[in-house]
Amino acid sequence: MSSGVRYRGALMIDVDPASIIVLNEKYENAKRKYDIEIRIEDSGGRILYDTRLMEHPEQWQEGYMSAEKFDSNYIVLEQQSEELGLTVYTAIPKATLAMEQNFVLLMTVLVVFLCGVSIVFMIIPFSRFLTSRLVKLSYGMSQMKDGKYITLPDYGSTDELGVLVSSYNHMVNEMQQLINKVYVSELLKKDSEIAALQSQINPHMLFNTLEAIRMKALYNGDPVVSKMVFLLSKMFRTVLDSSQNEHVIRDELKYAEEFMYLQNLRFSDRFGFTCDVDETLLDMHCIPVLFQPLIENCIEHGRRDEMEKMNIWITGRRMGEIAVFRIYDDGKGMDEESLKRTRQRIENAREISGPLFRNKGADSHNTNGTCIELRMHIKLQMGEEG
């Protein structure tokens, strides 16, 4: 317009379309994140603005822009301005949304997996703690069935398992005390029975009677019977002797030899008998008639037949503070089932009274027979009485 407010002409300005529309910060962030495209058309459908063409001006044609419509690979939002006659298209690539969705899905799966692993790692120690007590309780009860009474660690917990373990330990202690009481009472009963039997027997009358029989046999010219009565009298004297504390291994071996002499007289020399005991053990104190019941067992159960000869050995060796005596034979031995039952009875006895003796397999002299091993503490048997 002129100074006189007259029309003088038009001023044409070439403006970059990208500078006409200014996008706010939130949209810029969303555009970078989701690759959003914007397209603005006028009422005639001509493109006024398209973000796909802003970076490539060479694609503009004379007088207007030309660009393809958004295809099915986009999610298109359309908004119209009636006052300006403009239509704004906002397009979001489906691939970008799918990528975002996959990322969220992946993160969700990862979080769920990590939570599951964490829960498992927390549950495993706790379950092991519970199941270990159950396993130990089950093991203790199975051992109890076999005659072995073992106590379990007390965890001090007041839950159901803790109460079960405490009750089990209480039951085991009660049973052990009961077994000990029964065992001690049986020992006292046996001692009282032996004492009563000894009191009923008049040793002097018995020995005098046996001596009279021996002299009668000698007078009638039967030295074998006389010898047998003499040995029998000595054996009775050993059993009925009240001074048992003075009995030593030397006396026990002599007693065993006399017993075997009587058996050979009875069975016409069917038995061989050998003693091999360390000299240092001969003066060790022991209870009377220690070996004779075991030797008698060999004779009673070890012979294959009445005519075959059987050998019996007694050995004694010192192993530190322990004296080990072995009584074994070369007889028929025991079948596997009987041997298994015997070992189980010995094991049950050891649980109550301690490892006084144990069953052993045959050695080089004893390929088919049996062997019993006695172990005694030397310190309690030699030197000072005790």
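The structure this text deals with has already been given above.
As the structure is a computational prediction, the values presented were derived from the model and not from experiment.

Draft legend 1. Seen up close, the sheet that holds strand E1 (residues 37–41). The strand order across the open sheet formed by 4 strands is E2-E1-E4-E3, and the pairing between neighbours is antiparallel. Edge strands, defined here as strands with exactly one partner in the open sheet, are strand E2 (47–50) and strand E3 (74–81). Across this sheet, the average inter-strand angle for adjacent strands is 15°, counted without regard to direction. Relative to E2, E1 is paired through 3 bridges, and the arrangement is antiparallel. By the bridge assignment for E2, Ile40 is matched with Tyr49.

Draft legend 2. Geometry of the environment of Thr51. Mapping Thr51 onto the fold places it in helix H3 (residues 51–54). Taking relative accessible area as the criterion, Thr51 reaches 11% and is therefore assigned buried. Expressed as a C-alpha distance, the spacing of Thr51 and Ile40, which sit 11 residues apart in the sequence, is 9.3 Å. Not counting chain neighbours up to four residues away, the residues in contact with Thr51 comprise Lys31, Glu37 and Ile38.

Draft legend 3. Structural detail: unusual backbone geometry. Not every positive phi belongs to a glycine, and Asp35 is a case in point at roughly 55°. Structurally, Asp35 can be placed in the loop between helix H2 (25–34) and E1. On the basis of relative accessibility, which here comes to 41%, the residue Asp35 falls in the partly exposed class. Phi is positive for Asp269, which is not a glycine, with a value near 55°. Residue placement: Asp269 occurs in the loop between helix H8 (249–266) and strand E5 (271–277).

Draft legend 4. Spotlight on helix H9 (residues 292–302). Along H9, the positions that sit buried rather than exposed are Gln292, Ile295, Cys298, Ile299 and Gly302. One side of H9 carries all its buried residues, which in axial view fall inside an arc of 135°. Contacts from the buried residues of H9 go to H8, E5, strand E6 (310–319) and strand E7 (322–329).

Rules used throughout
Residues numbered from 1 in each chain as written. Predicted model: local features only at pLDDT ≥ 70, side-chain atom pairs only at ≥ 80, totals over all residues. Heavy atoms only, no water. Pairing = 2+ DSSP bridges. Helix = DSSP H or I, 4+ residues; strand = E, 2+ residues; numbered from the N terminus. Axes fitted to C-alpha atoms, helices over the stretch in contact; angles between N-to-C directions. Buried < 20%, exposed > 50% of the residue type's maximum accessible area, 1.4 Å probe, protein only. Contact = heavy atoms within 4.5 Å. Arc of directions from axis to C-beta.

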